[in-house]
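Listed below are the residues making up each chain.
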Amino acid sequence: DYKPGEKRPMLVTFYEKNSQNLHRYPAPAYLSSMGSIPEQAVSDGYITMVPDVYFHTGASHSDMLDAVEAATRKVIAMGYLDPKHIGINGHSYGGEGAAFIGTRSRLFAAVGMGAGVVDLYYDFNQNWGWSYQVTGGSGANGSDYYLYSQGREGASPWDKPEMYMFESALTHVPEVTAPFLIMHGTADPTVAFTNGLAFYNALRFNGKKAVLLAYPGEGHHLDGMANRRDLTTRYFQFFDHFLKGAPA
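No experiment lies behind these values; they were computed from the predicted model shown.

Draft legend 1. Main features of the sheet that holds strand β3 (residues 81-91). Pairing in this open sheet of six strands is parallel, and the strands run β2-β1-β3-β4-β5-β6 from one edge to the other. If you trace the sheet from one side to the other, it starts and ends with β2 (47-49) and β6 (210-215), each paired once. Each neighbouring strand pair of the sheet contributes to a mean axis angle of 15 degrees, computed without reference to strand direction. In the sheet, strand β5 (residues 180-185) pairs with β6 via six bridges, with the strands oriented parallel. Considered in β6, the bridge of Gly185 is made with Tyr215.

Structural data, given as structure tokens:
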């Protein structure tokens, strides 16, 4: 029902590249993570956008910021959307990117972050996805992930401490202006729940608006249908409030 000249709110999500999925049909479903936009959003009048991210080695979160902001500014220039009512969400690698973007960018009026690392310096030294409390992960040291794999930093925190601190969302919490919706499974074997909890506590300590959805017993994604339904409901409650003026 879009009419020429209308300015609609927009939701943005990302995870590396997604253009290869352009012609795939995403079936309506309850959210199992913060890593997608529910199909319901289009029916509810949102514009939705899934940008590609192009990476260099090192400073991967800054690469996410540059790509996502560039794509968002392009859609603003196309005239479809209300530039004051844009939301962003992401999960896991996209979640830590959304957290970083939410602390650095001023384009987004609300931010959803799921199961993302917020302190890279700390995470480099963890047994990735494993602890004595949660045993489901591989147990491989996090250093491999950051040096040679998806983390893409290509250097250790002792080689480039300033980069690791800057690329961590936790560093920039005092600068935050947008409200955050954080979700995390308490038994996550991939990204420790303490990341979501620490980010929530840091935001609250610094007087920022934040909501934490903690799902007991859930892992890196939500398996329980009741929890998926809950996350989807709260997702729309959050973004509808901050992007469409619905009651809190």
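Draft legend 2. Region of interest: the pattern of salt bridges. Throughout the structure, instances matching the rule amount to five salt bridges. With a closest N to O distance of 3.0 Å, Glu6 and Arg8 form a salt bridge. Connected via shared salt-bridge partners are Asp1, Glu6 and Arg8.

Draft legend 3. Quick peek at the layout of surface pockets. Quantified by volume, the largest pocket comes out at close to 870 Å³. Around the largest pocket, the lining is made up of 27 residues, and of these Pro26, Ser36, Ile37, Glu39 and Val50 lie nearest the centre. Among the residues forming the lining of the largest pocket, the class breakdown is 14 nonpolar, nine polar and four charged.

Draft legend 4. Structural context of the side chain of Ser105. Tracing the backbone through its elements, the reader meets Ser105 in the loop between α3 (93-104) and β4 (110-114). Since its relative accessible area comes to 3%, Ser105 is described here as buried. Polar side-chain contacts of Ser105 include one of 2.6 Å to the side chain of Glu69. Polar side-chain contacts of Ser105 include one of 3.1 Å to the backbone nitrogen of Leu107.

Draft legend 5. Region of the structure containing helix α7 (residues 193-205). The terminal C-alpha atoms of α7, which comprises 13 residues, lie 18 Å apart, in line with the 18 Å expected from a rise of 1.5 Å per residue. Buried within α7 are the following residues: Phe193, Asn195, Gly196, Phe199, Tyr200, Ala202 and Leu203.

Draft legend 6. Spotlight on unusual backbone geometry. Positive phi values are uncommon outside glycine, yet Ala59 reaches one of about 55 degrees. Here Ala59 falls in the partly exposed class, since its relative accessible area comes to 23%.

Draft legend 7. Broad picture of a nonpolar patch on the surface. A contiguous nonpolar surface patch, about 280 Å² in accessible area, is contributed by Tyr2, Met78 and Tyr80. Structurally, the position occupied by Tyr2 is in the segment before β1 (8-13).

Draft legend 8. Quick look at the pairing of β5. Of all six residues making up β5, six are buried, and the element is well covered by its neighbours. Alternating residues of β5 divide into Phe180, Ile182 and His184 and Leu181, Met183 and Gly185, and every residue in both groups is buried. Note that the unit made of β5, α7 and β6 has a crossover that is right-handed.

Draft legend 9. Region of interest: the packing of aromatic side chains. In total, this model carries 15 aromatic pairs according to the counting rule given. For the pair Tyr2 and Tyr80, a centre-to-centre distance of 5.8 Å together with 75 degrees between the ring planes defines the contact as edge-to-face. Placement of the pair is Tyr2 in the segment before β1 and Tyr80 in the loop between α2 (60-78) and β3, with a sequence separation of 78 residues. Of the residues examined, Tyr80 reaches a relative accessible area of 35% and is grouped as partly exposed. Aromatic side chains Phe124 and Trp158 sit 5.8 Å apart centroid to centroid with 80 degrees between the ring planes, which places their arrangement in the edge-to-face category. Of this pair, Phe124 sits in the loop between α4 (120-123) and α5 (142-148) while Trp158 sits in the loop between α5 and α6 (161-166), placing them 34 residues apart in sequence. Using a relative accessible area of 5% as the deciding quantity, one classes Phe124 as buried. Linked through ring pairs, Tyr121, Phe124, Tyr145, Tyr146, Trp158 and Tyr164 together constitute an aromatic cluster.

Draft legend 10. Inspection of the pairing of β4 at higher detail. The buried count for β4 comes to five of five residues, which makes it a mostly enclosed element. Burial of β4 is two-sided: the residues Ala110, Gly112 and Gly114 facing one way and the residues Val111 and Met113 facing the other way are all buried. As defined by bridge partners, β3 adjoins β4 across five bridges and the pair is classed as parallel. From the neighbouring strand, Gly87 faces β4, where its bridge partner is Ala110. Note that the unit made of β3, α3 and β4 has a crossover that is right-handed. Examined bridge by bridge, β4 and β5 share four bridges and lie parallel to one another. From the neighbouring strand, Gly114 faces β5, where its bridge partner is Met183.

Each value, and the rule that gives it
Residues numbered from 1 in each chain as written. Predicted model: local features only at pLDDT ≥ 70, side-chain atom pairs only at ≥ 80, totals over all residues. Heavy atoms only, no water. Pairing = 2+ DSSP bridges. Helix = DSSP H or I, 4+ residues; strand = E, 2+ residues; numbered from the N terminus. Axes fitted to C-alpha atoms, helices over the stretch in contact; angles between N-to-C directions. Salt bridge = Lys/Arg side-chain N within 4 Å of Asp/Glu carboxyl O. 1 Å grid on protein atoms, 1.4 Å probe; cavity = no way out; pocket = protein on both sides within 12 Å on 5 of 7 lines; lining within 4 Å. Points joined across faces, edges and corners; volume = space filled by probe spheres on them. Nonpolar A, V, L, I, M, F, W, Y, C, P; charged D, E, K, R; others polar. Buried < 20%, exposed > 50% of the residue type's maximum accessible area, 1.4 Å probe, protein only. Polar contact = N/O pair within 3.5 Å; in protein donor to acceptor, adjacent residues only side chain to side chain. Expected span 1.5 Å × (residues − 1). Patch = residues over 30% accessible without salt bridge, like charges linked within 9 Å, V, L, I, M, F, W, Y side chains within 5 Å. Areas by Shrake-Rupley, 256 points an atom, 1.4 Å probe, with all protein chains shown as cover. Right-handed = clockwise from strand over helix to strand, strands pointing away. Phe/Tyr/Trp six-rings, centres within 6.5 Å; stacked < 30°, edge-to-face > 60°.

Read these as geometric descriptors, not functional statements.
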